[in-house]
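The lines below spell out each chain.
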Amino acid sequence: MRPGTIFGIGLNYVDTIEEMGWQTPAAPYLFPKLVSSVIGDGEAIVIDTALTSRVDWETELAVVIGETARDVPAAEALGVVRGYTVAQDISARDLQETDGQWVRGKGLDTFCPLGPEVVPAAEVPDPQQLAVRTWLNGAPVQDGSTKDMVFTVAELVAYLSSYFTLRPGDIVLTGTPSGCGDFRTPRMSLKPGDVLVSEVEGIGRLTNPVVAKA
């Protein structure tokens, strides 16, 4: 899969906001995810230890836009969705903190696994009733549900379309539930040799090994 624009949404699960100790945003918190960061199912997440030492996981429901859309009301927004896939929004937390904005922290090469396939929207009657889970080396680390989103899929698509023209192949990453490594005590980070499994109920399961940059 080689998408168009990738729109990331931060702080979109109630339990994640509580876990991080942040305030609930009044509007969706947007950031870009670079197309050069995209890899597929089975491909390796590459960690460059010269750039980052706090690499974290975030399993997310990804929305694939199916038609050109601008100023779409929320009541009609699911009509422009082609389908859904699984995303892993890999994040370099130390770079996020250093920069303030999130382009480097979210956009490094291999930091956006997507797949394994796009499930047509017609096969997902309610995108707000899906379990979102992550396993690290076989151990469960995230177990949430899209019902806990602050802004629904329809609201996110409508909001984005009020500012930008959405085009076929664009991707919306909808946020992640609690259980990320950087907010645990003690903190956990991905390391070479790990295997990360990301799942959204009814959509699929994405598996990615973690390796060091050669």
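Rules and cut-offs
Residues numbered from 1 in each chain as written. Predicted model: local features only at pLDDT ≥ 70, side-chain atom pairs only at ≥ 80, totals over all residues. Heavy atoms only, no water. Core = buried A, V, L, I, M, F, W, Y, C linked by side-chain atoms within 4.5 Å. Buried < 20%, exposed > 50% of the residue type's maximum accessible area, 1.4 Å probe, protein only. Helix = DSSP H or I, 4+ residues; strand = E, 2+ residues; numbered from the N terminus. Contact = heavy atoms within 4.5 Å. Pairing = 2+ DSSP bridges. Axes fitted to C-alpha atoms, helices over the stretch in contact; angles between N-to-C directions. Phe/Tyr/Trp six-rings, centres within 6.5 Å; stacked < 30°, edge-to-face > 60°. Lys NZ or Arg CZ within 6 Å of the ring centre and 35° of its normal. Patch = residues over 30% accessible without salt bridge, like charges linked within 9 Å, V, L, I, M, F, W, Y side chains within 5 Å. Areas by Shrake-Rupley, 256 points an atom, 1.4 Å probe, with all protein chains shown as cover. Salt bridge = Lys/Arg side-chain N within 4 Å of Asp/Glu carboxyl O.

Enquirer: How should the nonpolar core be read in this particular structure?
Expert: The tendency in soluble globular proteins is for nonpolar side chains to be buried as a group. Residues Leu61, Val63, Tyr84, Val157 and Ile203 are the most contacted members of the largest nonpolar core, which totals 31 residues. Sorting the residues of this core by element identifies strand E1 (6-10), strand E6 (59-65), strand E7 (81-88) and helix H5 (153-163) as the ones contributing at least two each. Per-element accounting of this core gives the leading share, six residues, to H5. The residues touching Val63, leaving out its near neighbours within four places in the chain, are Val81, Gly83, Tyr84, Val153, Val157, Asp170, Ile171, Val172 and Thr174.

Enquirer: Would you mind showing me how to read the sheet that holds strand E9 (residues 112-120) here?
Expert: Paired through their backbone hydrogen bonds, the strands of a sheet run either parallel or antiparallel. Taken together, seven strands build an open sheet; the order of strands is E2-E1-E12-E6-E7-E9-E3 and the sheet is mixed. Lying at the two open borders of the sheet, with one neighbouring strand each, are strand E2 (29-33) and strand E3 (38-39). Its contacts with the sheet place H5 against E1, E2, E6, E7 and strand E12 (171-173), and it is angled at close to 55 degrees to E6.

Enquirer: Looking at this model, I keep getting lost on unusual backbone geometry. Mind explaining?
Expert: Most peptide bonds adopt trans geometry, and most residues besides glycine take a negative phi value. Between Gly115 and the following residue, Pro116, the backbone shows a cis peptide bond with an omega angle of 0 degrees. Counting through the fold element by element, Pro116 comes out in strand E9. In the segment running from Thr185 into Pro186, the intervening peptide bond is cis, with an omega of -5 degrees. Within the secondary structure layout, Pro186 lies in the loop between E12 and strand E13 (195-200).

Enquirer: What should I look at first to understand the packing of aromatic side chains in this one?
Expert: Where two aromatic rings form a pair, the distance of their centres and the angle of their planes describe that pair. The final tally for this structure, using the stated rule, is five aromatic pairs. By the ring-pair criterion, three or more aromatic residues cluster together here, those being Phe7, Tyr159, Tyr163 and Phe164. Lying over the aromatic face of Trp135, Arg205 brings its terminal NZ or CZ to 4.5 Å of the ring centre.

Enquirer: I tried to follow a nonpolar patch on the surface on my own but got confused; where do I start?
Expert: There is a patch of nonpolar side chains on the surface, built from Leu30, Tyr163 and Phe164 and spanning about 280 Å² of accessible area. Along the chain, Leu30 turns up in strand E2.

Enquirer: Looking at this model, I keep getting lost on the pattern of salt bridges. Mind explaining?
Expert: Charged atoms that come close allow side chains of opposite charge to pair. Going through the model one piece at a time under the given rule, you end up with 16 salt bridges. For Arg70, the salt bridge goes to Asp71, with nearest N and O atoms at 3.9 Å. The salt bridge involving Asp143 is made with Arg133; its shortest N-O contact spans 3.6 Å. With Asp143 in strand E11 (residues 139-145) and Arg133 in strand E10 (residues 131-136), the pair connects residues that are ten residues apart, well separated along the chain. Arg133 sits in the partly exposed class, given a relative accessible area of 27%. Linked by salt bridges that have partners in common, Lys33, Asp56, Glu58, Asp89, Arg93 and Lys106 make up one network.

So, to be careful, I would describe these as geometric facts and stop short of saying anything about function.
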